Amino acid sequence: MGVGSVLNQLDAALSDLVGQWNGYSTGIATLLVLVISYSIMTRVDPDIHPMLLARQAQGSPVRQEGESPIYRGNAAPHGMPLNSGLNVKAPGASKWSQGRDGDLRDVWRRVVSGSPSEDGPSAKGRILTVYGREKVTEHKLCDITRAINLIGQHISQHGGNKVAIYLPNSVEFVATLFACSFYGLTAVVLPFDESSDIIVSMLQRSGADTVVTVPGAFPFDGVVKSYPSLKQLVWVVDQGSNHMDWNEVPEGVGGKVNVSTWQDILHDSPVTAGNELPAEGDAKEAKDVVFFWKSRSGSLEELVQFTQKNLVSAISAQLTAVPTTHRFSPADLFLSAAPLSASFPLVLTLAALYSNASVAFNSVAGTSADLALATQGIAPTVVVATPQTLQKTHKESSGKIASLIASTSHWIQTRSLVQNGAMPVASFLASYNDRVKPSVGTTPGKLRLLYVADSAGAGTPVLSELALSDLRVFTGARVIYALTAAKVAGSVAQTQFNDYRVHGDGTGSHFGPPVSSIEVILKDSGSHKTSDDGQKIEGEITVRGPAVSGGVASLGVIGKVREDNVLAYV
Amino acid sequence: MEYVNQRIAQEANRNPQDAFTGLITPLNLILAAITLYATYQLYKPAPPAKLPREPPATVFKTFTPHTLLPYNGLNNMPVYLAVRGRVFDVTSGRNFYGPGGPYENFAGRDASRGLACHSFDEDMLTKDLDGPLDKLDGLGEEEFESLRGWEERFESKYLVVGRLVAVGDK
């Protein structure tokens, strides 16, 4: 009976063990059940399948010697052409017909005609200018169309050819840009708030013969003395200074410069003039747009000339970069807190205009604007900001997290983002951190998308993955981090809308897959090369595509392709 | 029945002071360990999902008839064939072009004339590997038609991994 006695002993031992059940055991068992059911009930589905983020771009199956495979984002796979334009169809054409690439004129035409919809009136966005916390003015679309027509006609009639735009972010900036596109003038966009010598040097290099600018910011005397090719000047005068006579030019200075003011040009023509845009069948090619790229503070700006096709391809890439349900729509309010003299914020503004979203302009925008100041007075849903601005915001908000509860609340929200792949839900604990959050706009919680761009080779601060995740928690919005470069309109690569991952300790950073109008190659450079087994892919970033000025360009920085096929700095 | 009576007697004789009433009992320790382990497994931070890298890309090479010859599927080599100066990787069509297949003569060689004339004979291939490439003279319009058809099918199915030049050219 050996087995019998062993079984007896086992039975006795088990009964003893279970017999110890007391109140505390009930408590611990209840705790176990609670933990398991809480985790089941609060389980959220990630916004995007994690495997889709595990490989975000495709490399070509064949590569040239000394180069890496060609990498393209999933929106423009190998074998398909890169996104080259807006697919503008003639009105009334079938939805499935092949459209043409279009140019900036089609962007404004779409703003005026509203978003295409088969039934009912088409939705149109509003154009707003923010003058301060209290004053927000709306501009009528027909007024802006009239301004575009009259300014364009005035400049071209007086022999203008290359128009330099030296304005802060404003309606006049965008209207002058469209006027140049409609009337066959080359637009030269100058970065605002520069010293007199730099302005003169930029004017000389671009060969501009007309300048549209604000009085007070433009050193008229200095420029006229050093730059004799200036033929026309248009002052954009605000309401307060309207009474002064800006047409008068001081004696001895620039007698041959034709000076006029924006308001005068608009008022001198009859009210009915200029309400119609030039006909769509106009086969004249719209001229290029010239930008200046500041590579490093103190060094000379680089002149970059983009054709209309470059810009339109960049706009199309930005439109397709976001999932369909979250794209720009007439319900959005777009604000650029970054200066529009860089191509990335300008391309996003044009993309917002093309999608008939409402667009607001605030002249406070600059490289190191304060986010709260730049967004005051309105409640934007989409904002473009510079990395310096967001770094400041991040530091301020992180500094406010002092207590244990606040840091726990922040930690829980970060976990929701990073581990569960979903935006943090508003809960009681999350609302404890409300005062930590930066005040973006008048109504908290409206911001849904924040764009920020790193300029390749320009020394802008790189935002780490952890900083971006913190910004998502603080602003409650998705953050898209883009890589921009001098010769590329729009961005080279940008992180996906739903990519909230943080790798390791979060100090690394990446820029996501290439956008749908760009393909990226890494050329071997010294020790940074593509290894034969394909595990290490590094080199100098070279880009090709319809959004690149000149077709092919090298960015001049060393990058690598990580395991998930995203682009990053080495 | 005997056993049950024995057990009942055992239980009745137990000393009540031996009962466990405190927090720290073996059972409680086991339950606490299970709870802590479950909490740990549910809430431990997991790194993001990873996929291994794609297989390394083939390097585009310039071949001469000599260097192309080894790529005929023997010795675990991939199967390449050349059509009008472009080298295609037909390893996925090994059953046709590899060793033992009906078109095995084309592997590692310039197959342009053979495809144009729909013939797998030996005399369709260039004999002299050091000489210039087959210039495809003496072929009529329909042969060029069929060659174009073959080329289109190759382009859609197989990858171009190099180009073929004669020995001495580059």
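Residues numbered from 1 in each chain as written. Chains lettered and ligands numbered in written order. Predicted model: local features only at pLDDT ≥ 70, side-chain atom pairs only at ≥ 80, totals over all residues. Heavy atoms only, no water.

**Describing the packing of helix 10 (residues 308-320) of chain A against helix 11 (residues 343-354) of chain A**
Pairs of packed helices are described in terms of their axes, by the angle between the two and the distance that separates them.
All names here are of chain A.
Part 1 of the reasoning: In contact at an axis separation of 9 Å, helix 10 and helix 11 are set at 70° when each is read in the N-to-C sense. Classed by the angle they form, the pair helix 10 and helix 11 counts as roughly perpendicular. For helix 10 against helix 11, the interelement crossing comes out right-handed. When helix 10 is examined against helix 11, the residues Leu-311, Ala-314, Ile-315, Gln-318 and Leu-319 are found in contact with a partner set consisting of Phe-344, Val-347, Leu-348, Leu-350, Ala-351 and Tyr-354. (Axes fitted to C-alpha atoms, helices over the stretch in contact; angles between N-to-C directions. Helix = DSSP H or I, 4+ residues; strand = E, 2+ residues; numbered from the N terminus. Parallel < 35°, antiparallel > 145°, perpendicular 65-115°, else oblique. Left-handed = near helix turned anticlockwise from the far one by under 90°. Contact = heavy atoms within 4.5 Å.)

**Here's the deal with the environment of Val-136 of chain A**
Residues and elements named next belong to chain A.
Part 1 of the reasoning: Of note, Val-136 is situated in strand 5 (residues 136-139).
Part 2 of the reasoning: Spatially, the C-alpha atom of Val-136 lies 32 Å from that of Gly-399, the residues being 263 residues apart in sequence.
Part 3 of the reasoning: Excluding anything up to four places from it in sequence, Val-136 contacts Leu-128, Thr-129, Val-130, Gly-377 and Ile-378.

**Structural notes on the packing of helix 4 (residues 104-113) of chain A against helix 11 of chain A**
Residues and elements named next belong to chain A.
Part 1 of the reasoning: One can describe the packing of helix 4 onto helix 11 by two numbers: an axis separation of 8 Å at closest approach and a directional angle of 40°. One finds that helix 4 runs oblique with respect to helix 11. On helix 11, the residues touching Leu-104, Asp-106, Val-107, Arg-110 and Val-111 of helix 4 are Leu-350, Leu-353 and Tyr-354.
Part 2 of the reasoning: Of the residues assigned to the contact of helix 4 with helix 11, the class counts are 6 nonpolar, no polar and 2 charged. (Nonpolar A, V, L, I, M, F, W, Y, C, P; charged D, E, K, R; others polar.)

**So, the sheet that holds strand 6 (residues 162-166) of chain A**
Residue and element names in this part refer to chain A.
Part 1 of the reasoning: With mixed pairing, 7 strands are arranged side by side in an open sheet as 10-9-8-6-7-11-12. Unpaired on one side and paired on the other, strand 10 (258-261) and strand 12 (302-306) mark the two borders of the sheet. Across the sheet, the mean angle from the axis of one strand to that of its neighbour is 20°, orientation sign disregarded.
Part 2 of the reasoning: The sheet contacts of helix 6 (residues 171-182) involve strand 6, strand 7 (186-189), strand 8 (210-213) and strand 11 (289-293), and relative to strand 6 the element is tilted by about 170°. (Pairing = 2+ DSSP bridges.)

**Focus: the interface of chain B and chain A**
Reports often express the size of an interface as the amount of accessible area lost when the parts come together.
Part 1 of the reasoning: Contacts between the two partners involve 38 residues from chain B, matched on the other side by 47 residues from chain A.
Part 2 of the reasoning: Both sides together, the interface formed by chain B and chain A hides about 3700 Å², and carbon and sulfur atoms give 57% of it.
Part 3 of the reasoning: Three residues, Leu-51, Arg-53 and Glu-54 of chain B, lead the burial of chain B against chain A; their summed loss comes to 21% of the area buried on that side.
Part 4 of the reasoning: The interface formed by chain B and chain A contains 2 salt bridges. (Buried area = accessible area lost by both parts, 1.4 Å probe. Salt bridge = Lys/Arg side-chain N within 4 Å of Asp/Glu carboxyl O.)

**Brief notes about the packing of aromatic side chains**
Part 1 of the reasoning: Tallied over the full model, the rule gives 23 aromatic pairs over all chains.
Part 2 of the reasoning: Taking the centre distance of 5.6 Å and the plane angle of 80° together, the rings of Phe-63 of chain B and Tyr-71 of chain B count as edge-to-face.
Part 3 of the reasoning: On the basis of relative accessible area, Phe-63 of chain B is assigned to the buried category, the value being 3%.
Part 4 of the reasoning: For Tyr-71 of chain B, a relative accessible area of 14% translates into the label buried.
Part 5 of the reasoning: Taken together, the ring pairs connect Phe-88, Phe-96, Tyr-97, Tyr-103, Phe-106, Trp-150, Phe-154 and Tyr-158 of chain B into an aromatic cluster.
Part 6 of the reasoning: Above the ring of Tyr-131 of chain A, the side-chain terminus of Lys-135 of chain A is found at 4.6 Å from the ring centroid.
Part 7 of the reasoning: Over the aromatic face of Trp-150 of chain B sits the side chain of Arg-153 of chain B, whose NZ or CZ is 5.0 Å from the ring centroid. (Phe/Tyr/Trp six-rings, centres within 6.5 Å; stacked < 30°, edge-to-face > 60°. Buried < 20%, exposed > 50% of the residue type's maximum accessible area, 1.4 Å probe, protein only. Lys NZ or Arg CZ within 6 Å of the ring centre and 35° of its normal.)

**Some details on the confidence of the model for chain B**
Residue and element names in this part refer to chain B.
Part 1 of the reasoning: In this model, chain B carries an average pLDDT of 85, and 96% of its residues clear a pLDDT of 70 or more.
Part 2 of the reasoning: Helix 2 (residues 26-43) holds the highest mean pLDDT among the elements of chain B, 93, whereas helix 5 (residues 112-116) holds the lowest, 83.
Part 3 of the reasoning: Reported for the predicted complex are a pTM of 0.90 and an ipTM of 0.83. (pLDDT = per-residue confidence, 0-100.)

**Brief notes about the pairing of strand 15 (residues 382-385) of chain A**
All names here are of chain A.
Part 1 of the reasoning: Residues Val-382 and Val-384 of strand 15 are buried on one face, and the alternating residues Val-383 and Ala-385, pointing to the opposite face, are buried as well.
Part 2 of the reasoning: Sheet analysis places strand 13 (residues 333-336) next to strand 15, joined by 3 bridges and oriented parallel. By the bridge assignment, Leu-335 is partnered in strand 15 with Val-383.

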